[in-house]
Structure formats: C-alpha cells, structure tokens
Amino acid sequence: MSLKPRWALALPWATLALLLALVALDWARQGGEVSGTAVDPMCAMEVRRGVEARSEFGGRTFYFCSSSCKAEFDKDPAALAPAAPAAPEEHTMRGLPTWMFQAGVAFVIVLSFGLFELAGRRGGGGALASRFDLTELPGVRAALKSRVLLETSRALMASAFVGIIVAGLFGDQSPAMNIAPLLTWTVWWAGLIFLILFAGKAWCTVCPWDALAGWAAGGRGLDLPWPRWARSIWPAVALFLALTWVELGAGVTLIPRATAWVALAMLAMAAGSAFLFERKSFCRYGCLVGRVSGLYAMFSSVEARAKDAAVCASCRTQDCYRGSDKGAGCPTFEFPRTMTLNTYCTLCAECFKTCPHDNMALRLRPWGADLAVEGKPRADEAWLALVLLAMTGFHGLTMTPAWPAWVSGLEGAWGVGYRTAFSVLMTLMLGLPAALYAVLVKAAQARSGGRPYGELFVRYAYALLPIALFYHLAHNAEHFLMEGPKLVRLASDPLGWGWDLLGTAAWRPAPLITLEGLWAIQLLLVIVGHVYSLWVTDRAARRLAPAGAFSAQLPMLASTVAFSVFSLWLLRQPMQMRVSGM
Amino acid sequence: MKYWWARRAVQLAILGAILMAPVVARYEHYMSARSYEKMEKSFEGKAVGRWLKTAEAGLGLGLRWEEGGVEGRRPRKRLIARARHLYGSAWSARVFGVSLTDLLAGAESAASSRGLRTALLTGLAVPLLATLLLGRVYCAWVCPMGLLSALARQLRKLLVFLELKPLSVELSRADKYAVLAMGLLAALLTGLPLLHHLYPPALVGRESHALFQAWFDRAEADLFGVPWQALGAGTLFLGLLVILEAAVAPGFWCRALCPGGALYSLLGRFRLVRVARVKAACIDCLLCDKVCPMGLSPMTDRTGMECDNCLACLDACPTDALKVRVSAKAVAPLAALILMAAPAAAHHILGIPHYAYEKEWPQAPVLKLVEKVGEWEIQLTGYPGRPKPGVRADVTVYAWEPESGRVYEGEMRLEAAEVRALAGPRTFYGPELSRPNGTLQKFALVYPRDGNYELTLHLRAGGVASTLRFPIVVGDPPSPWKGLGLGAGAFGLFFVVVRAVRIKKARREARGVA
C-alpha cells in the first residue's frame, strides 16, 4: 500500500475532528458552564447564561440564542422586556441567517459547476483504493473472534432496550419526564446515522431486536426460506414509510407509551421472522433500520472484506457461507469471497470466526467507497435512496411553521381530517422529489447515447445518498446537540417517578452548543454531503457516458444542486420545538 | 354416544343455570324495585343490558305480555314469581321451590357449627337420597368440574398434537378421603369452613356471583367494562386444575383429591343403581376401561364406590355387555325422593339486598391533588373523582400560602388534554379562565371518552408564571398490561405452533429416511 493516497483515509477523521473542535470551541467561548439556563425573550429558547449575546435593560439581563434575536430585541427593549415569557411551552428555533444561507447556496453552485468540475477531470483512482487493515493491529482480530465480547455487548444493548420499553409503558406519560422518547428518537436515531459514517453498521452488530429474537429462536425455528417474491428490500421500504408516518403523522415521538409499542412491534416482527425463516432473513429483507443503514453504510469509512482473493479461490470448505462449529454461516446470505459492498453486511463478525485461513479483514477506507464503484445497482435500493432523500427533507419540513398551515389549509379546503390531510401531503412530498429526479434523468438519458432509462434512473439514484445522509445529520445535529444533554437529567429519573439515581435529577443541562455554533456545523455538513454527491455523480457519469461525461452529467448536477439548496432552505426555516417534549 | 349427549346436555344446562342465577337475581331485584325500565334504558346496547334481556327471554317463555288487563305490558308479577324459582348457586340453591344444599356444604356447615339445623336437613334431603340411590352421580351429571375435566382432556389432546408431551402422574384414590377428613376435622376444631375454598362447584358459583355483582354494580355507576378484577383466587384455582389435569395428571382432581367426591363416594357405597356387566356378552376388548374418566375398570367389574354412573362405558361397549341395573329395593326410596321434594327455606343463599336503587349509590368519590409552588400550595379537587365521559365534571382549585394564610386571587387558566396512545395529546378544553367562587376557582368540563387525561393549570403565584400538570383518569382506560398479556399470549401460541411444526417435520423426515 503506497503512502500517498492515505489522505483519502484521513478525510473522514479530519471531518470528525473538525466537528468536535467546533463544538468544543463553541463550548469554551460560552464559558463552559454546565448548568444555569435563561430564556431568550424573543424566541423563547432555553440558552446558557454564558452566552455572548445579551442585553441589559431596566436592571435585568436578557440572554439571546443568537445575535439575530439580540438585534431584534435591541430595537425596542422597552416594549419587549415586560412580555418576556418565564417558562415557555413551545419555542421557535431560528434557522440559518440569510447571509449564511446565501453563502451556502453560492458555494454549492460554484462547487458544482466550477471548481469540482475542473478538479474532477484529473480523475483520482489511487485514493479510492487505499485501505488500512485494522486487523493487523494487535488484539483486533482476537476481539472480533471473541464470542464473549460480542454477546456481552449485545446483552448490554438488550437490557437498555428492555429498560426503554419498561419506561415507555409504565413511566410518566409526559415526554419530558420519560427517558424513552428522548433516548429513542433523539439520541438513538441521530446517533445511529452518525455511527454509520465512522463505524458502518455497528448498530446491527449489537442490535437488541436481533439479539432478543435470536436468543429466543436460536435453533428452535422452522428455518424456512424467505419467500421468493419478497426477496427484495421493498418490505423494508414500506416499513420505513410506515414508521415515518406514525412518527410524524401520529406523533409517536412525543408519546412514551406509543414509542414503546412501536419498539415492541419491531421486536415482534424480528422474533416472528427469526422463528419462521432461516438465518437472519429479517435483517436482510425486512428490517427498515438495517436497510436504511445498509444504504448509508455504502458511504461508511469501514468495511469487512476478504483479504486475499487467492486464498478464497483455493478454499474448499467455504465455512464463511456455510458455517462451521466455530460460527454461523453469513446470517444475511453474503458470500465474503465475492462481497464488494457494505449494504447487507451487518459486521456481525461471524466470518472472522469461521474463516479457517484468517482471511477476513476489517478495513478503514475513504468515504463513499461503495458508491463510487460500479456496484450492483438494484431498483429497490435506488427507490429507497429516493425515499430517504424525500423523507429526511420531509422530516425537517414538518417542523417548519409552514407545515401546520399547509395541513390545516388542506383540511379546510377538502373538508378532511388531520390524518388524511397529513397523509396526502406526505405522499406529495414523497412524489415531488422523485418526479423531479425522474425528469432530470430523462434529460440525462438524451445525452448518454442510448443507455436504457431504467438503468440510468437506478444508477444515478445512489449519487443522491450523500445528500440525504448529510442533511439527515445536519437535521439531527440540532436535536442531538440541543436536546441530547437532557439525557443527563432523565438518566437519574428514567420513568419520571421522582427518582434520583445518579444525583442529576435536578439538573437543567444547557444545550451543548449555541445556535450560531450549530449553524456552522449544519452548513459544513450540507456542503460535505454535496461534495461527495458531486463526486459520485461524476464517477457514475464517466462510466455511463464515457464520451460526453460532462454534458451527460449536467442534468444530474442540476438535481444535486436542487436537493442541496432545498436542504439549505430547510435549515434556514425556523423550527418549532416543544420544550416540554424533547 | 347417547349417554354422552345426555350427560353433556344436563351438565351444560346446570352450568348455564349456575352462571345465570346471579343475573336472574339481579333481574328480580330490579323488577321488585320497579326500576327495571330505567335500568333497561341506561344499559341499552351494553353487555349488562343483554344479560338482563337474556334472563327476561328465558323467564318470559310462554308468558303472555299482559298485566292488569293491559295488553303489551310486561307481566311483572309473573316474571318475578318465575325469577324466584332460581336462587343461589351450586353450593346451595332453591330451584322451583326445592331447597338443594350440597352434601359437602351440609357436612362442613354441621361440623363448623357443631350442630344440625332443620333447615339444613330439608336442603340436604334430595341430594342425600339421590346419592344413596345413585352413588356419585352428582360428579358425573351435575358438577361443573365434569365439563372442566372434559375440557382438560381435549387440551391434553391438543398438547400432544402440539408436541408438548403431557405428564401422566397418578395419585392415590385414597388421598381424597384424607382431604375430606382433615377438612371436616379442621372445621370441627376451629369452626372455620375451609373445604369450600377448594371445591369446584362452590367456586364456580361464587365466582359467577362475584363477577356479575361487580359487573352490574359498576354498570349502575356507568362503568361498562367487564370487571375481570372481580374474579379472584377461585378462578385461578379452577384454571390451575384444568392446566394440571391437561399437562400433569389426567383426571386427578375428581379421582384422587376432591373432598366432595370423597363424601359422595362414601355415601354411595351401597347404591341401588349401578353399572353391571353381562359376562357372557363381554369380549374383553378393554374399550370401556380406556374411556372411564375415573380410571376404573368396568370390564372386570371393579368399579366399586368410585363409579359416578357417567355411563361412558355403556357408550363405548361394542357388544352392549354393560347395563344399568336397578335393584328392586330401590323403588320405594325413589318414590320417597320424589315426595320429599317439598318447598323449604334454604339456610343460606347468595344474593343481594334490593334497596337503594333509586339512590345515588355507590357515592362518587372525590379526587384531591396537591402541588407546591414555592410558598404556594395549590389544591385541585375533582368531582366526581373518577369522572364519566360525556357527563359534566367539576374541577375546583384552591391556592393559598399555608404560612400566611393568604389566598390566591389572581387569574387562573385551565387546559385539559386527552393523552392518546398513538397520537399527541389532544386539547379539548381551554385554556379557559376560571369562574371565581369565593376563595375557590371553578371549572366545569366534559370529558369526551374513557381514557387518561392531563389537566394543565396556568397561574402566576408569587410573581412567577407556573404551569402545573395533574393526571386524571376518566372511566375505564385500557392498561398496557392488557396489550402486553395479549401480545405475550399470542407469541407463546406462535412459539408452540412453530415448535410442533418443527418436531412433526423432523419426524416425517426421519420416517422418510428409514
């Protein structure tokens, strides 16, 4: 392995360091106080008392989320000060300020049609191929082969899962008092996406649904083959849409008991499948978490692969697929000898245990490695990518002030109930991006010299994944950094029964970051996602239309720009957050 | 199969009577209190209303709908008279004016009170004579445990089908005499009747009374759910018997442990009607031994005093070698049995007093919730404490400083939201300004349906805006245990089916290979 392309390996970790530095700097700049909050009189957001943005008026100090709120207050403090709310029920979080939004859009467009296009022409095959084999480090292979370590971590996750169920079902049903909603929808869901970037599908390795189902069904199931007609990820796509619907349409995120029931429903599906079907069929075909993270994991900076193709070629036993007394055959029906993509690999490490030649490797790699190569594009995966793009945007959209207005507008116009209006708008939001994409692919087809439409549609869809992934992160960074610290308080009193297990029940932890710091992180994430999307589009175009790659690429560039600008626009919108909620 | 059909028909009719007796009693009470029409209206469309209608349909069979010469009016007096023909339970009852007391009840009552009352004797007369003549016939034809045992036998077949191999533990038949002796001795020494706690017919009757009593009582307070919580240890014990008979020891209760069975066996020792075998016709096929629910051997005439004359062996015999033989000596006592069936007052009968149907009873309790904000104490009082949906409920707030005795006189707003399972809380009331009433602040609201609610109170006490939340339960909200229980049950069933399929598949494959 040459040393030169190592920069591509370092890029993910440099980004991580940059993100952490941004949070730490912001923290230090605000005095680093853990507790002590005040309420912004303008937007009713809870802020740290250490913030720089503050004003004195009439002997009182007012603290602001950002200079925008301060500027607004300073215009007429005499009128605004007496109306300052004391304990808000709901607050509005300001979105990106106009200058940041405009700068972001300009940057995105310049990148797309200018700099990147020039740089991209040189090609860059070497960097993409660089790898660093973690199993060469001492202890790593032994850890991967250890069953005790794996089962212990699975048991820990499973007990945490049971804890959430108990809290959700029997704890106080106010979402601010119960740990279940916060831990599930803010910490876990945001943390999961973040984890994928750096550790791939490590969640699947310790997944409590699979662990509990597997322990219950171990060796007691029917081992039927998963029905042939359902051997695609359409079931998972449908489940993902259903989850988004109950999450936003039915407000499950704010109801502890409903959160627990959703988690139990997933457990029932996982356990039912474990009893009926062979290996971990559910993980491969049915699990929405597994499939969503599977697509995202194509971007991940970690992979498990066979080390030496020659060793595999001479292997007669193929224990990695068939299983042996050392471990199970690949639970998701992958054959490590030919596995080139992360999509269906759950990093369960069974193949590390079964391979008699120790020919499996856990490697660091550049981001987006699976997206930039030919791969094995499938229509169902492409559609899940589009659904992900649409639904992550939709998620943000429902929190803007415009959304309730649209829903009630439709309710009034059609004379339908909330659920119907919500469902109609959700369908619309699902259809619009897909329709836009379909039209742009048509334009690309005209310039790609006779490639079939379906093939282009499927192949280019993967290029949109980085945008979806990074917008997802930008959106969830808000939840995670602003609301995540409440976990400190809830950990002491998870059921809202007045306990104080860790002595932190009375804390009122401030957000981890100020609004201005958050904006910088969000902008950074959207631009990183856009750059990777451009890169993947570029590589796909070069493969699909080697002759006129640039002109074939133009419609796709337009689509990445459109989606990135939409992401920025969403981040610019004020977000309505329930204080009592999460 | 003719005896099987006859036995099941009799058993089901008697079980139906035991279960319906509390409903009939309640019907009779409403009729006597002249409040049936009112109840009928308020129970419209509810299960309790259907129960009462069922009772009325049964009681009104063949009656002309006419009273006091008015065509179409409910024949109240005649319905009441008929309703009084079914009182009590299997432990002690009055049916068509005849007092019937279980022999075990009589024995235990006599032992614990150390005396024999005449009233008790009249109730015992019919069962006693029947037992002397026919033996343990009560066990096979009357006792509800006969049906439960049959159910357990079917469950046992299901278990075998599901590959859950049931055990076959056998207990000694003599054990039940020890249970009876110890129970009666305990009653004699301590005066405490204990045996009725483990006597299936008594338990069925008592649980049915408890269930219906709670059901109707709650319905009178506009709570219409099935009050499963009214069922207690008796149901648990019966369920346990069924499970044990199915999974561990077939028929063990009636054969080996039932104190009632022991008493009936003893009394029926010299019965005049019994199953007998025509030796010449018997082909020694063993079919009768196989079907005997008591585990006896009719084929070798070894039935003795344990036989309950269920006649299953007669059904099973392919050559009709088994017969019911009545000895001539039985005729006179049989005639006496019929003659003795005279009206008499039973010594104790389960029932309910019929008073107060027009009164508000039970009184609705009041709910009081207290919160502290700094020096302030805020009391929220709800009337009724467990409000009913669709009916006005009052909420009164009293806020004061206990230190200074100062009462809060500022503004106060109340908001009420329904806490829903798969949706956000839905506010249906307020924020509404209170109506001050002296030192109290009053609100009136109507909850839309059964469920969990949250009241949110906004006030500015001591210059600080405070938001207080109070949980309220309206009617009968569903509990998560129900869902968990159903889910776990469904999953358990799923697991057992998967297991059975696996075992059967493996067996088929093994057979295919061999």
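Criteria and cut-off values
- Residues numbered from 1 in each chain as written.
- Chains lettered and ligands numbered in written order.
- Predicted model: local features only at pLDDT ≥ 70, side-chain atom pairs only at ≥ 80, totals over all residues.
- Heavy atoms only, no water.
- Helix = DSSP H or I, 4+ residues; strand = E, 2+ residues; numbered from the N terminus.
- Rg over C-alpha atoms; globule rule 2.2 N^0.38 Å.
- Buried < 20%, exposed > 50% of the residue type's maximum accessible area, 1.4 Å probe, protein only.
- Contact = heavy atoms within 4.5 Å.
- Areas by Shrake-Rupley, 256 points an atom, 1.4 Å probe, with all protein chains shown as cover.
- Pairing = 2+ DSSP bridges.
- Disulfide = S-S within 2.5 Å.
- Patch = residues over 30% accessible without salt bridge, like charges linked within 9 Å, V, L, I, M, F, W, Y side chains within 5 Å.
- Salt bridge = Lys/Arg side-chain N within 4 Å of Asp/Glu carboxyl O.
- Domains from an automatic or database assignment.

Comments concerning the overall build of chain B
Then, number 1: Of the regular secondary structure elements, chain B holds 17 helices and 17 strands.
Then, number 2: Relative to the 2.2 N^0.38 estimate, which gives 24 Å for 514 residues, the radius of gyration of chain B is 31 Å and therefore markedly larger than a compact globule would have.
Then, number 3: Its C-alpha atoms put chain B at 105 × 80 × 55 Å along the principal axes.
Then, number 4: Taken over 514 residues, chain B has a buried fraction of 42%.

What about the overall build of chain A?
Then, number 1: Helix and strand counts for chain A stand at 25 helices and eleven strands.
Then, number 2: Over its C-alpha atoms chain A spans a radius of gyration of 25 Å, differing by no more than 12% from the 25 Å that the globule rule assigns to 582 residues.
Then, number 3: Each of the three principal axes of chain A carries a C-alpha extent, and together these read 85 × 60 × 55 Å.
Then, number 4: For chain A, the residues scored as buried account for 56% of the 582 residues in total.
Then, number 5: Restricting to contacts in chain A with at least 6 residues of sequence separation, those with at least 24 account for 79%.
Then, number 6: Accessible surface, chain A: about 23100 Å² in total, of which carbon and sulfur atoms supply 67%.

Some remarks on the sheet that holds strand S10 (residues 360–364) of chain A
Residue and element names in this part refer to chain A.
Then, number 1: Strand order in this open sheet of three strands is S6-S10-S7, and the pairing throughout is antiparallel. At either end of the open sheet lies a strand with only one pairing partner, and these are strand S6 (132–133) and strand S7 (302–306).
Then, number 2: Pairing between S6 and S10: two bridges, direction antiparallel. Of the residues in S10, the one forming a bridge with Phe 132 is Leu 364.

Some remarks on the state of the cysteines
What makes a disulfide is a covalent bond joining the sulfur atoms belonging to two cysteines.
Residue and element names in this part refer to chain B.
Then, number 1: Applying the stated criterion to the full structure yields zero disulfides over all chains.
Then, number 2: Counting only cysteine sulfurs, Cys 285 is the nearest neighbor of Cys 288, a cysteine outside any disulfide, at a range of 6.0 Å.
Then, number 3: For Cys 288, a relative accessible area of 8% corresponds to the buried category.

Quick word on the pairing of strand S9 (residues 376–383) of chain B
Residues and elements named next belong to chain B.
Then, number 1: Most of S9 sits inside the fold, with six of its eight residues counted as buried.
Then, number 2: Strand direction decides the pairing type here: strand S8 (residues 367–373) and S9, joined by seven bridges, are antiparallel. Among the inter-strand pairings, Lys 368 is bridged to a residue of S9, identified as Thr 381.
Then, number 3: Connecting S8 to the antiparallel partner S9 that follows it, the hairpin turn spans two residues, and Gly 374 within it adopts a positive phi of roughly 60°.

Regarding a nonpolar patch on the surface
Then, number 1: Together, A:Trp497, A:Trp499, A:Leu501 and A:Leu502 line one region of the surface with nonpolar side chains, adding up to about 470 Å² of accessible area.
Then, number 2: Mapping A:Leu502 onto the fold places it in the loop between helix H23 (486–492) and helix H24 (515–544).

Concerning the pairing of strand S6 (residues 273–277) of chain B
Side chains on a regular strand alternate between the two faces of the sheet.
All names here are of chain B.
Then, number 1: Of all the five residues making up S6, four are buried; the element is thus mostly covered by neighbouring parts of the structure.
Then, number 2: In the sheet, S6 pairs with strand S7 (residues 322–326) via five bridges, with the strands oriented antiparallel. Across the sheet, the residue bridging to Val 273 is Val 326, located in S7.

Thoughts on the domain arrangement of chain B
Then, number 1: Assigned domains of chain B: these are domain 1 (101–203 + 229–272 + 328–347), domain 2 (276–326), domain 3 (367–474) and domain 4 (479–514).
Then, number 2: Between the C-alpha centres of domain 2 of chain B and domain 3 of chain B the distance comes to 74 Å.

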